[in-house]
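# Chains, contacts and geometry: an overview
What follows is each chain in one-letter form.
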Amino acid sequence: MIQRRTVLKTGAALTGALGGAGLLVPAMSSPAQATDLDPTTIPQFQQAMPVPKVLQPTRVSGTTSYYEMTMKEADAEILPGRLTRVRTFNGNFPGPLIKAVSGRRVVVKQTNGLSVPASVHLHGAHVPQSSDGSPMDLIAPGGGTKTYTYPNAQPHANLWFHDHAHHLESETVYRGLTGFYLLTDDVERSLDLPSGTYDVPIALRDARFDDSGQLVYSMGDFMKRTVLLANGRAWPYFAVAARKYRFRLFNTANLRFFTLQLSDGSAFQQIGSDGGLLEKPVDVTSVTLSPGERADIVVDFSRYAAGTRLILANTAPMLPGDPADQVGRVLQFRVTGPAVDTSSVPATLRKLPAPGSATVNRSFELSMDETGATMDAFINGKAYDMDRIDTEVEYGATEIWTVHNANVFTPHNFHIHLVQFRVLERDGKPVTSGPESGLKDTVAIPPGGTVKLQATFTGYEGTYVYHCHMFDHAAMGMMANFRVTKNPSTT
Ligand code: C2O
Ligand code: CU
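In this report, we go over the structure that sits alongside the text. Being a predicted model, the structure only gives us computed values, none of them experimental. (Residues numbered from 1 in each chain as written. Chains lettered and ligands numbered in written order. Predicted model: local features only at pLDDT ≥ 70, side-chain atom pairs only at ≥ 80, totals over all residues. Heavy atoms only, no water.)

## Some points on the coordination of the copper ion (ligand 2)
Within the protein, His412 (ND1), Cys468 (SG) and His473 (ND1) serve as the donor atoms for the copper ion (ligand 2), at 2.0 to 2.1 Å. Counting along the primary sequence, the residues that act as donors to the copper ion (ligand 2) give the motif H-x55-C-x4-H. You can see His412 sitting in strand 26 (residues 412-416) and its partner His473 sitting in helix 5 (residues 471-476), a full 61 residues away along the chain. Considered together, His412 and His473 belong to a single accessibility category, that of buried residues. (Donors = N, O, S within 2.8 Å, 3.2 Å for Na, K, Ca; no water. Helix = DSSP H or I, 4+ residues; strand = E, 2+ residues; numbered from the N terminus. Buried < 20%, exposed > 50% of the residue type's maximum accessible area, 1.4 Å probe, protein only.)

## Some thoughts on the pattern of salt bridges
Per the counting criterion, the structure on display carries 24 salt bridges. Salt-bridge contacts for Asp341 lead to Arg243; the nearest nitrogen and oxygen are separated by 3.2 Å. With a gap of 98 residues between them, Asp341 in the loop between strand 21 (329-338) and strand 22 (360-368) and Arg243 in the loop between strand 13 (237-242) and strand 14 (244-251) connect regions that are remote in the sequence. A residue is classified by how much of its surface remains accessible, and Asp341, at 24% relative accessible area, is partly exposed. Note that Glu436 and Arg426 form a salt bridge whose closest N and O atoms lie 2.8 Å from each other. (Salt bridge = Lys/Arg side-chain N within 4 Å of Asp/Glu carboxyl O.)

## A word on the pairing of strand 17 (residues 276-284)
Judged from the five bridges that link them, strand 16 (residues 268-273) and strand 17 form a sheet pairing that is antiparallel. Bridging across to strand 17, Gln269 finds its partner in Asp283. A loop of two residues connects strand 16 with strand 17, the two strands running antiparallel in sequence. (Pairing = 2+ DSSP bridges.)

## Thoughts on empty space enclosed by the protein
Considering all chains together, one arrives at three cavities of 30 Å³ or more under this definition. If you add up the space inside the largest cavity, you get close to 70 Å³. Lining the largest cavity we find Phe93, Pro94, Val173, Gly176, Thr178, Ala203, Arg205, Asn231, Gly232 and Thr252. Residues belonging to the lining of the largest cavity are distributed by class as follows: four nonpolar, five polar and one charged. (1 Å grid on protein atoms, 1.4 Å probe; cavity = no way out; pocket = protein on both sides within 12 Å on 5 of 7 lines; lining within 4 Å. Points joined across faces, edges and corners; volume = space filled by probe spheres on them. Nonpolar A, V, L, I, M, F, W, Y, C, P; charged D, E, K, R; others polar.)

## What about the sheet that holds strand 6 (residues 120-123)?
Taken in spatial order, the four strands line up as 4-9-8-6 in an open sheet, and their pairing is mixed. Both edges of this open sheet fall to strand 4 (97-101) and strand 6, since each of them pairs with a single strand only. Across the sheet, the mean angle separating the axes of adjacent strands is 20 degrees when strand polarity is ignored. (Axes fitted to C-alpha atoms, helices over the stretch in contact; angles between N-to-C directions.)

## Notes on the environment of Asp300
Structurally, the position occupied by Asp300 is in strand 19 (residues 294-300). C-alpha of Asp300 to C-alpha of Pro128: the two residues are 172 residues apart in sequence and 40 Å apart in space. Setting aside residues no more than four positions away along its own chain, Asp300 makes contact with Arg243 and Lys244. Among the polar contacts made by the side chain of Asp300, one reaches the side chain of Ser302 at a distance of 2.8 Å. (Contact = heavy atoms within 4.5 Å. Polar contact = N/O pair within 3.5 Å; in protein donor to acceptor, adjacent residues only side chain to side chain.)

## Focus: the nonpolar core
By size, the foremost hydrophobic cluster in this structure holds 90 residues, and its most contacted members are Phe247, Phe301, Phe333, Trp401, Phe414, Ile416 and Phe482. When near neighbours in sequence (up to four residues on either side) are disregarded, Phe414 contacts Leu366, Ile379, Trp401, Val403, Phe421, Asp441, Thr442, Val443, Ile445, Leu453, Tyr466 and His467. Core analysis: the second largest hydrophobic core is formed by 25 residues, Val106, Leu114, Ala125 and Ile139 among them. (Core = buried A, V, L, I, M, F, W, Y, C linked by side-chain atoms within 4.5 Å.)

## Quick look at the environment of Gly328
Its location among the elements puts Gly328 in the loop between helix 4 (324-327) and strand 21. For the pair Gly328 and Thr315, spaced 13 residues apart in sequence, the C-alpha to C-alpha distance is 6.0 Å.

Written as structure tokens, this is what we have:
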């Protein structure tokens, strides 16, 4: 690690000397490399967006479905007509989709065929520490294995899995190591939401390529990651019938926020977020996702004539110079023609328990050096130390965590392992309805912003992490450990 930190600091110093961009997120200078591919030469809306490949269990018992995956490098056609080397689960880019049911266990044997250590975290899941895929629980490269057990003792949710090996997760996730995990239950299945081919998970992210079509990874480099990918293709199109579709959107980018909008500005419904359905659908004209967050939306294409082309646009605040014809476009919908639609979005989707009352209050401050002088990032002034317990939580406790972003320019977000939480307040205003009123595991915190979250820590004792899900920031140290135990020592 010493070497790596030295490299990071050297890179930061260089960027700092250049000023400007260094203020936001210092970019590490990359090793000598080919020139960048000019993104304006990439044809847009030429390739069809694939749907995720559903992974089949290798064995099924009365209580459990068993899966096997191998992490390995593969070539993917991200750019039309060219191959890009990526890190994958089973060769799929993005990774495969596991379909799970609440109350039925899933066991996944992972084999690490990569050249770097890996740890597979199921994001948003309520699991024992031994299967959490924590930053310190590594699977050795070159064929190491680990078997993860997911009890699925939680309601339906839009989960995903990704690498979490500390200091490496940022690059490994960037190079492709992510997958989908849709957990359903009777509550969700009792509804007539669009299903089957009309229920489409979409992983969104950005990337930067060199002129041989290979991914360029450089820490903090969001300004140069201007090629947007939907399900692993650069600016694809997706053919839709003139009816309702459910899209489950996952922001799998390291740093980029997305604000998604239809190019005609028309409304759609947001029906869910990270931890499954909202209580009621919300009519919106856009959804914003910080890295790690999910939105579940229903778009009704029946109002469009066959032949209509519509862009799913990204209007997230962009930096000066951010090319709108690149980062402003995600994919193109092509409306084919009419189709039968018996689906419906009911006025009430689910009932969530009232948050209840909390017995413990804590405060967390997220900060990073915005001058570019160092590559350090902190929670409560401390960079991550895998051997330090930062927060001792009593098993069963309900706590309110007030999380503040102390930075002036840099957005952050906050993700807690083990739990789904409720957002009680954003900048002092109660959150009682809308997209953030459901179950959440990741929440955006703009510069200077504050969110108040409530969670109940039950189910498993053990040590877990909370962190900024902008992976470059987590890798710089914006991460900490909490320990849930029946006999907490005081911290
Ligand atoms: Cu999706 Cu600890 O991360
Ligand atoms: Cu951050």
